[in-house]
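Structure assessment
Residues per chain are reported as follows:
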Amino acid sequence: MTDKNNEELPEGGVIHEGGNADSYETGGWRKLRPVLDNEKCTNCLICWVMCPDSAIIVEDGKMVGFDMEHCKGCGICDTECPPKIKAIKMVSEEEAD
Amino acid sequence: MLEVRWHGRAQQGVVTAAKVLGETCLRTGKYVQAFPEFGPERMGAPVKAYNRVSDEPIRMHCSVTNPGFVLIADPTLIGIALAGGMESSGGVTEGATEDAVFIVNTPKSPAEMRTALELDGKPAKVFTVDASQISIDKIGRHIPNTPMLGALAKATGMITLEDLMDDFKVNYSKKYSEAVINGNLEAMKSGYEGISEG
Amino acid sequence: MATEKSNEMQGLTGNSAVALAMKQINPDVCPAYPITPSTAIIETFSSYVADGEVDTELITVESEHSAMSASIGAAAAGARVMTATSSQGLALMWEMLYIASGLRLPIVLTNVNRALAAPINIHCDHSDSMGARDSGWVQLYSETVQESYDNVFMAVRIAEKVRLPVMVCLDGFITSHAIENMATISDANVQDFVGEYTPETSLLKDMENPISIGAMTLPDYYMTFKKQQSEAMAEAKDVVEEVSAEFAQKFGREYGLLDSYELEDADVAIVIFNSATGTTKVAVDELRKEGFKVGVLRIRLFRPLPHAEIAAALKGLKAVACLDRADSFNDFGGPLFNEVRSSIYDLEDRPKVISRIYGLGGRDYKVEDAKSVFEELLKVVETGTVEEMTKYITI
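Residues numbered from 1 in each chain as written. Chains lettered and ligands numbered in written order. Predicted model: local features only at pLDDT ≥ 70, side-chain atom pairs only at ≥ 80, totals over all residues.

1. Details of the overall build of chain A
The number of helices and strands found in chain A is three helices and four strands. In sequence order, chain A lays out its α and β elements as β-α-β-β-α-β-α. Counting only C-alpha atoms, chain A reaches 55 × 30 × 20 Å along its principal axes. For chain A, the residues scored as buried account for 16% of the 97 residues in total. (Helix = DSSP H or I, 4+ residues; strand = E, 2+ residues; numbered from the N terminus. Buried ≥ 20, exposed ≤ 12 C-beta atoms within 10 Å, placed from the backbone.)

2. Considerations on the interface of chain C and chain A
Each partner contributes to the interface: chain C provides 17 residues, whereas chain A provides eleven residues. The greatest single-element share of the side of chain C that touches chain A, amounting to five residues, is contributed by helix α8 (residues 219–251) of chain C. (Contact = placed C-beta atoms within 7 Å.)

3. Things to note about the arrangement of the chains
Counting contacts across all two pairs of chains that touch, the top-ranked interface belongs to chains B and C. Regarding chain A and chain B, the two do not touch, and the least distance separating their C-alpha atoms is 41 Å.

4. Quick look at the interface of chain B and chain C
Counting residues at the interface gives 20 residues for chain B and 23 residues for chain C. For the side of chain B that touches chain C, the elements supplying multiple residues, two or more each, are α1 (14–27) and β2 (31–37) of chain B. Taken together, the residues of the side of chain B that touches chain C break down into nine nonpolar, six polar and five charged. With two bridges connecting them, β2(B) and strand β8 (residues 179–183) of chain C associate as antiparallel partners. Following the sheet pairing, B:Q33 is matched in β8(C) by C:E180. (Nonpolar A, V, L, I, M, F, W, Y, C, P; charged D, E, K, R; others polar. Pairing = 2+ DSSP bridges.)

5. Brief notes about the sheet that holds strand β14 (residues 352–357) of chain C
Residue and element names in this part refer to chain C. Taken in spatial order, the six strands of this open sheet run β9-β11-β10-β13-β14-β15, and their pairing is mixed. Each having just a single partner strand, β9 (258–261) and β15 (390–392) make up the two edges of the open sheet. Averaged over all pairs of adjacent strands, the angle between their axes in this sheet comes to 20°, without regard to strand direction. Examined bridge by bridge, strand β10 (residues 268–272) and strand β13 (residues 319–324) share four bridges and lie parallel to one another. Pairing of I270 across the sheet is with A321, part of β13. Against the sheet, helix α11 (residues 335–343) engages β10, β11 (294–299), β13 and β14, with an angle of about 145° to β13. Of the strands in this sheet, β10, β11, β13 and β14 are in contact with helix α12 (residues 367–383), which crosses β10 at around 135°. (Axes fitted to C-alpha atoms, helices over the stretch in contact; angles between N-to-C directions.)

6. Description of the environment of C:N338
Mapped onto the elements, C:N338 comes out in helix α11. Excluding residues that lie within four positions of it along the chain, C:N338 makes contacts with C:S328, C:F332 and C:G333.

7. A word on the environment of C:S176
By the secondary structure assignment, C:S176 is in the loop between β7 (166–171) and β8. Linking C:S176 and C:C124, residues 52 residues apart in sequence, is a C-alpha distance of 9.8 Å.

8. As for the nonpolar core
Core analysis: the biggest nonpolar cluster contains 181 residues, and B:I103, C:I158, C:V166, C:A269 and C:V271 have the highest contact counts within it. The contacts of C:A269, once residues within four sequence positions are left out, are C:L263, C:V294, C:G295, C:V296, C:L297, C:L314, C:L317 and C:V320. Judged by nonpolar contacts, the second largest core, of eleven residues, contains A:A55, A:M63, A:C77 and A:C81. (Core = buried A, V, L, I, M, F, W, Y, C linked by C-beta atoms within 7 Å.)

9. Looking at helix α9 (residues 276–289) of chain C
Residues and elements named next belong to chain C. The first and last C-alpha atoms of α9 sit 20 Å apart over 14 residues, in line with the 20 Å expected at 1.5 Å per residue. A276, T277, G278, T279, T280, K281, A283, V284 and L287 are the residues of α9 that are buried. Looking at the buried positions of α9, the neighbouring elements they touch are β9, β10, β11, β13 and α12. (Expected span 1.5 Å × (residues − 1).)

10. A closer look at helix α4 (residues 145–155) of chain B
With ten of its eleven residues buried, α4(B) lies for the most part within the structure. Residues B:N145, B:T146, B:P147, B:M148, B:L149, B:G150, B:A151, B:L152, B:A153 and B:A155 constitute the buried set of α4(B).

Listed below in structure tokens is the structure:
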């Protein structure tokens, strides 16, 4: 569904493929970006459970970073990271660049 | 084309009577219409039903306003305005043709009914049949419709008693018990035999 | 109640004929909320369900809004869906009517025409389906019990071919409650005609490859979908013709987009819908005997509007009255008037057109009422002027 004037668009607005949210990049919506402190992270993976955009990348049971193409910068990972750990902090996009 | 108007009160079975008449005529090869005119739906409220019977397909879909046959299932409807929510709120004789056939459910004589209908000296034919008593005797309930159908068969050539009884047996055996069917068939026959002309 | 007769004629009411048609079609799902005067359709059909004569899942819902919602859900899942309603019931379905058509779901709805409140009234007029005329449903109007029955079968085929919902309309009480002679089609022939429903897309068709239905679209896509819908509606006209032709070939009863009666050499004509057409034809026959060149044009398909065919049918006439059994409350006549008048605008010698509103809330329309409209038209031709463009008659 790329050409908005394409008359071959599926009738009735049916979306013919499942899981296609993956192809829709929401990373551009971010004002704040999560930054991980590897030193502090205990790999409890609470952030992975709570992230609404499945943007926490986990490899071999370890939290390794964020999928910046889909992370909207909501900050839930920062909020949910246990208070004694606080391995994630949100920084502004300008600051991060 | 023959046009029929039935007058009764809700629960006296005039809508069903029109239906049975239509079905019977249809079975003998005619084109028919049978339709009710519902007013306020309350037991005892005046109700009208209509039939058209023709050798040709029937195209008009309006009420029957000039019936050649008027069947009155309840004599208390005579002489009163039948305001029923629809336009034709006049009495039972309203719009009937000069030579219309009237069949009234009453134990009284046709002469008395002719006077009650204000048809003295007019060419209309008036018949009476005590359909209420017949229905109580034969069916055990006050539903005068089937004896009136029997009377109609006798008074007019529109249907024969045999066709009427055949149709009823074929169409209603599934719906009613054998006792009810037989009672109604008896009632038709008694209506046929019990009609008086005057 | 069926009556068998030597030439296979039966005596059925409009409602029982529609219920019988539904039984013969044996739809997958029927969500319904009965309402006068279409109650008997669902009442009779539910007895078929209870007796195991159909395989249909009958869903007794809590309102007409729910009936249409459930119809949409079932149709999206890939079911053949039918329901019936009238008047306030159709009005309560309103929101969902647009969703059914926008999602391109081939639901078949029988609407037994009844007036809309207030004042509350249970009798026939066309204000219910006329109000829904822009909801994206194909609308077929039926003159007789026979046509109501036949239209239900054709509606299924039309809906599934163009993937749009179809509304079959018939007159409340006048047709729904009247027993008329009609011929039925055998169950086998019905099944052969409607065929098996195998949608290209549905929620349940391929569980391995799930699809989404009802996604939001923004200004970039919405208009394209509406254009597709509009084109499907235009295509529906040809499909109605094709399906009607196939029906005529198989069952011998011919139905066009329009039904022209004595129009060829007519000076004046009435344009009308549904059961009042026959009454008008009787008036035409009587006036023709007196030498007046009068005719009738019945609109069978109102959505999509066969505008070119209407123009062709009315070409050469001098005056036309459009009889609406609904008012648009626009101070400019009924919906039929406006659309027919617009359809003939490009004719070189277009007839004068007047609007006459009749039959609201079950008001009787008799042969003499049709005649009086014809008399008005003949006067318009004689004087060359229209005194009253719009008027209520029989009042």
